[in-house]
Every structure is written in C-alpha cells, then in structure tokens.
Amino acid sequence: MGAFATGLTVVTAVDGGEPVGFTCQSFASVSLTPPLVLFCADHRGRSWPRIRAAGRFTANVLAEDQTELSARFGSRAGRKYEGLGWDLSRWGTPSLRGVLARVHAEITAVHGAGDHDVVIGRVLGVETAREARPLLFFRGRFVRTTAAALRPR
C-alpha cells in the first residue's frame, strides 16, 4: 500500500483529564449527509482505547512543515504533549496549533477489521486553521507537493 499517497493527521482526545493522541494516515470522509468521517486505529495502540473511552476526537490535519509533530505522536516513547502548544476545543478535545484543519467528531460506530478498528465519527465541527501545503506520506517517506498542484482550478 506504500504506492498510495496519504495525508497525515493526529487524532486526539481527552481521557481522565489527560490529553492523548496518535499519528494516523488512515483518515477519510465517509458521508456528507450526515457528515461522517473515519479513521483506522491499530488494536495494539495505547492511545486508541483511551480515545474510544472518551467518545469524541479531533483529527488534526498536518501541514508539510509538521514532520516532527507526526513523529512525536507516532512514537511510543516520551510524552507526546510535553512542551507542545495546544488548546482545548469547545468539544473537549485537543486542538493542535499550526495544523491545516481540525475535524471534531463524536464516535458513532467501531468495526473490527483484522488488526485494526475502523472508527466512524459524526462531524461536530470543522475548522480551517491555516493555508499551507499538506504533509504527505508515500513509499515509506514524507513527500512534498508543488505550489502549482495546490492552486484552485
């Protein structure tokens, strides 16, 4: 599946008063009516059970200059939020600063699929935070887009 380029998000929530999150490259729109999104979470992940318990999440869409943020939340080592600027959204989920967009959602369904869960969320709100190029992952590494590729048609 490395030949399929994906964007990167950090899925965040608050569980027991503590912010949690993980880097996720399996995030997509499912439906416009009603507005639904999905992400896939590894059964072995430590953050996913806590996000599931929280019941709400934010998918923070990363910009191409946020490779460090992707690595921070993709790592099992260290404290992911230590020294990091973030805000609590009106839905009680962590909003990371400097991202392209934030999709706030409530978990409505979870479907087991192999070693992952497919999580469906009802969109509560969407924020566009800034204009920049997206962080993309392709064939095992981060790649850049050209400015021309992002111009409106």
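Here the structure is shown first, and the text comes after it.
Residues numbered from 1 in each chain as written. Predicted model: local features only at pLDDT ≥ 70, side-chain atom pairs only at ≥ 80, totals over all residues. Heavy atoms only, no water.

Caption draft 1: Quick look at helix H2 (residues 67–74). Of all the residues in H2, the buried ones are Leu69, Ser70 and Phe73. Viewed along the axis of H2, the buried residues span an arc of 100°, placing them on a single side of the element. (Buried < 20%, exposed > 50% of the residue type's maximum accessible area, 1.4 Å probe, protein only. Helix = DSSP H or I, 4+ residues; strand = E, 2+ residues; numbered from the N terminus. Arc of directions from axis to C-beta.)

Caption draft 2: Here's a closer look at the sheet that holds strand E10 (residues 116–128). Taken in spatial order, the seven strands line up as E3-E2-E6-E9-E10-E5-E4 in an open sheet, and their pairing is antiparallel. Each edge of the open sheet carries a strand with a single partner, namely strand E3 (18–24) and strand E4 (27–31). Taken pair by pair, the neighbouring strands of this sheet meet at an average axis angle of 35°, ignoring direction. (Pairing = 2+ DSSP bridges. Axes fitted to C-alpha atoms, helices over the stretch in contact; angles between N-to-C directions.)

Caption draft 3: Fine view of the packing of aromatic side chains. One pass over the full model with this rule turns up five aromatic pairs. Between Tyr81 and Trp86 the ring centres are 5.3 Å apart and the planes differ by 65°, which places this aromatic pair in the edge-to-face class. Judged by its relative accessible area of 11%, Tyr81 falls in the buried class. By way of ring pairs, the aromatic residues Phe22, Phe39, Trp48 and Phe57 are connected into one cluster. (Phe/Tyr/Trp six-rings, centres within 6.5 Å; stacked < 30°, edge-to-face > 60°.)

Caption draft 4: Spatial organisation of unusual backbone geometry. A cis geometry characterises the amide bond from Thr33 onward to Pro34, with omega recorded as -5°. Summarising the element assignment, Pro34 is placed in the loop between E4 and strand E5 (36–42).

Caption draft 5: Geometry of the pairing of E5. Bridging between E4 and E5 involves four bridges; their strand directions are antiparallel. Within E5, the position partnered with Ser29 by the bridge is Val37. If you look at the hairpin formed by E4 and E5, you'll find four residues sitting between the two strands. Sheet analysis places E5 next to E10, joined by seven bridges and oriented antiparallel. Looking at the pairing, Cys40 lines up with Val118 of E10.

Caption draft 6: Looking closely at helix H1 (residues 47–54). Those residues of H1 that sit buried are Ser47, Trp48 and Ile51. For H1, the angular spread of buried residues about the axis comes to 95°, placing them on one side. The inward-facing, buried residues of H1 abut strand E2 (9–15), E3, E5, strand E6 (56–61), strand E9 (101–113) and E10. In the stretch just after H1, Gly55 is the one whose phi turns positive, near 85°. (Contact = heavy atoms within 4.5 Å.)

Caption draft 7: The arrangement of the environment of Phe73 in detail. Inspection of the secondary structure puts Phe73 in helix H2. Between the C-alpha atom of Phe73 and that of Thr12, which follows or precedes it by 61 residues, the distance is 9.6 Å. Every residue in contact with Phe73, bar those within four places of it in the chain, is listed here: Val10, Gly21, Phe22, Thr23, Lys80, Tyr81, Leu84 and Leu96.

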